[in-house]
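Secondary and tertiary structure notes
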Amino acid sequence: MKTLEQLVRPNIWKLKPYSCARNEFHGNATTFLDANENPYNAPYNRYPDPLQTTLKNKLFQVKGVKPQQIFLGNGSDEPIDLTIRIFCEPGLDNIVAIDPTYGMYEVAADINGVEYRKVPLSENFEMSASKLLDATDEHTKLIFLCTPNNPTGNCLDRAEIYKVLSRFEGIVIVDEAYTDFSSEPSHTKDLATFPNLIVFQTFSKAWGSAGIRLGMAFASKEIIEIFNKVKYPYNMNVLTQERALYMLEGSETVKTWVQILLKERERLKTLLKEIPCVQKVYPSEANFLLIEVGDANAAYQHLVTSGVIVRNRNNISLCRGCLRVTVGTPEENNIFVDTLKSWKQ
Ligand SMILES: *Cc1c(COP(=O)(O)O)cnc(C)c1O
C-alpha cells in the first residue's frame, strides 16, 4: 500500500478542520453557554455529539469494531461521497469498480468530476482480481467492490477479494450493505490485516431503518480520523442517534426478521421457478432476487399496472431481461408471484 499521505488529496491532508463548540469542551459541566443554543426545548435544543461516542461504543459490542475505527454518516451515501472527496483529485485521479454494481458509486464519482472505470463481471457475475488490477494505473486511488453485490445478489469470491486487497496500492472499499443476509462472514475481521480496506455497512436493509439514514464505514484509525476531519461537524442528528441506539438494544428482533426473510427468499425462489415466463432465478445471498423473464419491460409494466413495483434492470450490464425483486412479507411475495403468473407475454 502507498502511504496515506501519498493517497489523500494534498488539500485534505493539509486541512485544519473546523473546531465546533462540542469539540472544544469535553466532560461534565452544569451550565452550557458555549454554542448559542436555545436553553428551552430539551433535549432537541442541544447540538448532537459530533463523534457519536455512545452509539459507537454500542456498535463496538455488536460489530466488534473499535469506536476509533468507525465513521457514521447520512446513509451510505455520505461515506461513498467522502471517500471519493478525500482520495480523488478531480480531473486527475480515477476509480475502478466491478460492473454491474450499485449505481451510487458512479454518480458520486461523476458529481466529483472523477473518472470511473467499469470492469465487467463474468457471465456468472464473478470478479477477476487480475482484470480489475489491469484497469488500474498510477492515478487509481480507489477500487469499489460490493458483496453480496447489487443487483446480481451473489457474493464475490473471497480469494479474489484478498488478491485485490493485497496487490492494489490504493484503497479498496468493500460494500457489505447485504452482509446480514449472507453466509459469508463480514470483512470487518480483515481490517487488522489490510490497512487499505474500508468496509461499508448500513442500517437501511437488515436493520429495517432506511428512514433514519445511517451508514457505517469501518477502517483503520488513521483513515477514520481523515473522515472525521472532512465531515460536516454535526452530520448525524440526535433523532437518528437515539433511534439507532434503540435498534441496537433490540438486535434480537433484527435476527428474527433476517431468519424470516431468508426463509421467504428460498420459498419465493421455489415459487418463481415454477412460473413459465421465469427463465432463470439467480442465486442470492441478499434480500432480493434477480430473475430473468424475457421481455422485462413488458413484465415490469404488467406488474406496475397491478400495483406491484419491482426494479427493472433490463438496461443494466449483463442483466438484459432481468427484474430485481425485494423479498417482502409472505403476503407481499404471494401477491408478486400471482401477478407475475397472470402476465400474458
Ligand atoms: C441499499 C444499498 C446501500 C444502502 O444505502 P444507504 O444510503 O445506507 O441507504 C448501500 N450499498 C448498496 C450496494 C446498497 O444496495
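In what follows, the structure referred to is the one given above.
Since the structure is predicted, the reported quantities are computational estimates derived from the model, not experimental observations.

1. Side note on the environment of Ile335
Relative to the helices and strands, Ile335 is located in helix α13 (residues 330–341). In this structure the C-alpha to C-alpha distance between Ile335 and Gly307, which are 28 residues apart in sequence, comes to 9.8 Å.

2. A short note on the nonpolar core
Counting residues in hydrophobic clusters, the biggest one holds 42 residues, and the most contacted among them are Leu72, Met127, Leu132, Ile143, Leu145, Phe203 and Leu214. When near neighbours in sequence (up to four residues on either side) are disregarded, Leu132 contacts Val96, Ala97, Ile98, Val119, Met127, Ile143, Leu145 and Val164. Listed in part, the 32 residues of the second largest apolar core include Ile86, Leu142, Ile171 and Ala219.

3. A short note on the sheet that holds strand β11 (residues 322–326)
If you walk across this open sheet you meet the four strands as β8-β9-β11-β10, and the pairing is antiparallel. In this open sheet, the two strands that pair with only one neighbour each are β8 (280–281) and β10 (311–312). Relative to strand β9 (residues 288–292), β8 runs antiparallel, the two sharing two bridges. By the bridge assignment, Val281 is partnered in β9 with Ile291. In the packing of helix α11 (residues 251–273) onto the sheet, the strands contacted are β8 and β9, and the crossing angle to β9 comes to about 15°.

4. Structural notes on the layout of surface pockets
Empty space within the largest pocket amounts to approximately 430 Å³. If you go around the largest pocket, you meet 18 residues; those closest to its centre are Val62, Lys63, Asp180, Trp207 and Lys255. For the lining of the largest pocket, the secondary-structure elements that each account for two or more residues are α4 (53–63) and α11. It is α11 that contributes the most residues to the lining of the largest pocket, six residues altogether. Partitioned by chemical class, the residues of the lining of the largest pocket number seven nonpolar, seven polar and four charged. When its volume is computed, the second largest pocket comes out at roughly 370 Å³.

Conventions and cut-offs
- Residues numbered from 1 in each chain as written.
- Predicted model: local features only at pLDDT ≥ 70, side-chain atom pairs only at ≥ 80, totals over all residues.
- Heavy atoms only, no water.
- Helix = DSSP H or I, 4+ residues; strand = E, 2+ residues; numbered from the N terminus.
- Core = buried A, V, L, I, M, F, W, Y, C linked by side-chain atoms within 4.5 Å.
- Buried < 20%, exposed > 50% of the residue type's maximum accessible area, 1.4 Å probe, protein only.
- Contact = heavy atoms within 4.5 Å.
- Pairing = 2+ DSSP bridges.
- Axes fitted to C-alpha atoms, helices over the stretch in contact; angles between N-to-C directions.
- 1 Å grid on protein atoms, 1.4 Å probe; cavity = no way out; pocket = protein on both sides within 12 Å on 5 of 7 lines; lining within 4 Å.
- Points joined across faces, edges and corners; volume = space filled by probe spheres on them.
- Nonpolar A, V, L, I, M, F, W, Y, C, P; charged D, E, K, R; others polar.

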